[in-house]
Amino acid sequence: MAALLWHIAIAAGVVVLTTLGNGGGGIRTCGAAQGIHHVVGDDPGWDATTDVAAWAVNRIFRVGDSIWFAYSTAEESITELRSREEFESCDLRNPIRMFTEGLNKVSLDVEGSRYFTSSNPNNCKNGLKLHVQVGPQALAGGRIASTAQKEKMDHVAQQVAQGPKPSGSDRYHGSSLMWFGSALIYFLSFQRL
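What you see is a predicted model, and the numbers here were worked out from it, not measured in a lab.

S.K.: Before we go on, may I ask you to explain the sheet that holds strand β7 (residues 112–118) in this structure?
M.R.: Remark on secondary structure: sheet strands pair via backbone hydrogen bonds, oriented parallel or antiparallel. Taken together, the five strands give an open sheet; going across it, the order is β2-β8-β7-β4-β5, and neighbouring strands pair in mixed fashion. Taken across any chain shown, the strands that pair with only one partner, and hence form the sheet edges, are β2 (61–62) and β5 (97–99). With four bridges connecting them, strand β4 (residues 78–81) and β7 associate as antiparallel partners. Following the sheet pairing, Thr79 is matched in β7 by Thr117.

Printed below as a string of structure tokens:
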């Protein structure tokens, strides 16, 4: 029984200290859903034999998602292009970015079109290319974030990043709980010995 009480007390102390570490106002959460990681081409990856267009048909890409390219560096590399015209004609002369490492994560940070092609012009002309239309960020529960909600989430994220701004009573309250939690853990660890 004593061991059980000791574990409960330690857990309570950790919760108190964790809560205080988050500004004394509880553990913070965000309303945005976690992004989805899309592996282009699934198991075969980015390869001349993969039908990337068929893979992408029913996929929904949203802000906050990531796409992963897995490919053999001996056979492939990937080029990101600026425009639909460059994409459709496989004009690789003016790329935004080149991917050559064999495994690349591309974060989808903004809404809009992204164009990826094989850096091999023949493979590009044979269809090894991917157009990604990035839609708005999804909220928890699958809802789509409106502009006002996005601005509010950005504002909240900015406030969290800046950290808590202590007021007199919050500072005293948080300080007292911090000391109490530390003393509780200290006391219980010596009682155990």
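Still to come is the rest of the account.
S.K.: Help me understand the environment of Arg82 in this model?
M.R.: Of note, Arg82 is situated in the loop between β4 and α3 (84–89). Each C-alpha atom of the pair Arg82 and Arg97 lies 9.4 Å from the other, and the pair is 15 residues apart in sequence. Apart from residues lying up to four places away in sequence, Arg82 is in contact with Asn94, Pro95, Ile96 and Tyr115.

S.K.: For this particular structure, what's the right way to read the pairing of strand β6 (residues 103–107)?
M.R.: Of the two faces of β6, the one lined by Asn104 and Val106 is fully buried and the one lined by Leu103, Lys105 and Ser107 carries no buried residue. Relative to β6, strand β3 (residues 66–70) runs antiparallel, the two being bridged by five bridges. Directly across from Trp68, in β6, lies its bridge partner Lys105.

S.K.: Where do I start with the side chain of Thr79 in this structure?
M.R.: Locating Thr79 in the fold gives a position in strand β4. Among the polar contacts made by the side chain of Thr79, one reaches the side chain of Ser119 at a distance of 2.6 Å. With residues near it in sequence (within four places) discarded, Thr79 still touches Pro95, Arg97, Met98, Tyr115, Phe116, Thr117 and Ser119.

S.K.: Got a minute to help me understand the nonpolar core in this structure?
M.R.: Across soluble globular proteins, nonpolar side chains have a tendency to be buried as a group. Among the nonpolar cores identified, the biggest contains 19 residues, and Val40, Trp46, Ile67, Phe69, Phe116, Leu130 and Val132 are the most heavily contacted of them. Taken together, the elements giving at least two residues each to this core come down to α2 (52–56), β3 and β8 (129–135). Once residues within four sequence positions are removed from consideration, Phe69 is found in contact with Val40, Trp46, Ile78, Gly102, Leu103, Asn104, Val106, Phe116 and Leu130.

S.K.: I would appreciate a short explanation of the sheet that holds β3 in the present structure.
M.R.: With respect to topology, three strands assemble into an open sheet ordered β1-β3-β6, the strand pairing being mixed. Here the strands that pair on one side only, and so sit at the sheet edges, are β1 (37–39) and β6. Ignoring strand direction, the axes of neighbouring strands in this sheet form an average angle of 20°.

Rules behind the numbers
Residues numbered from 1 in each chain as written. Predicted model: local features only at pLDDT ≥ 70, side-chain atom pairs only at ≥ 80, totals over all residues. Heavy atoms only, no water. Pairing = 2+ DSSP bridges. Helix = DSSP H or I, 4+ residues; strand = E, 2+ residues; numbered from the N terminus. Contact = heavy atoms within 4.5 Å. Buried < 20%, exposed > 50% of the residue type's maximum accessible area, 1.4 Å probe, protein only. Polar contact = N/O pair within 3.5 Å; in protein donor to acceptor, adjacent residues only side chain to side chain. Core = buried A, V, L, I, M, F, W, Y, C linked by side-chain atoms within 4.5 Å. Axes fitted to C-alpha atoms, helices over the stretch in contact; angles between N-to-C directions.

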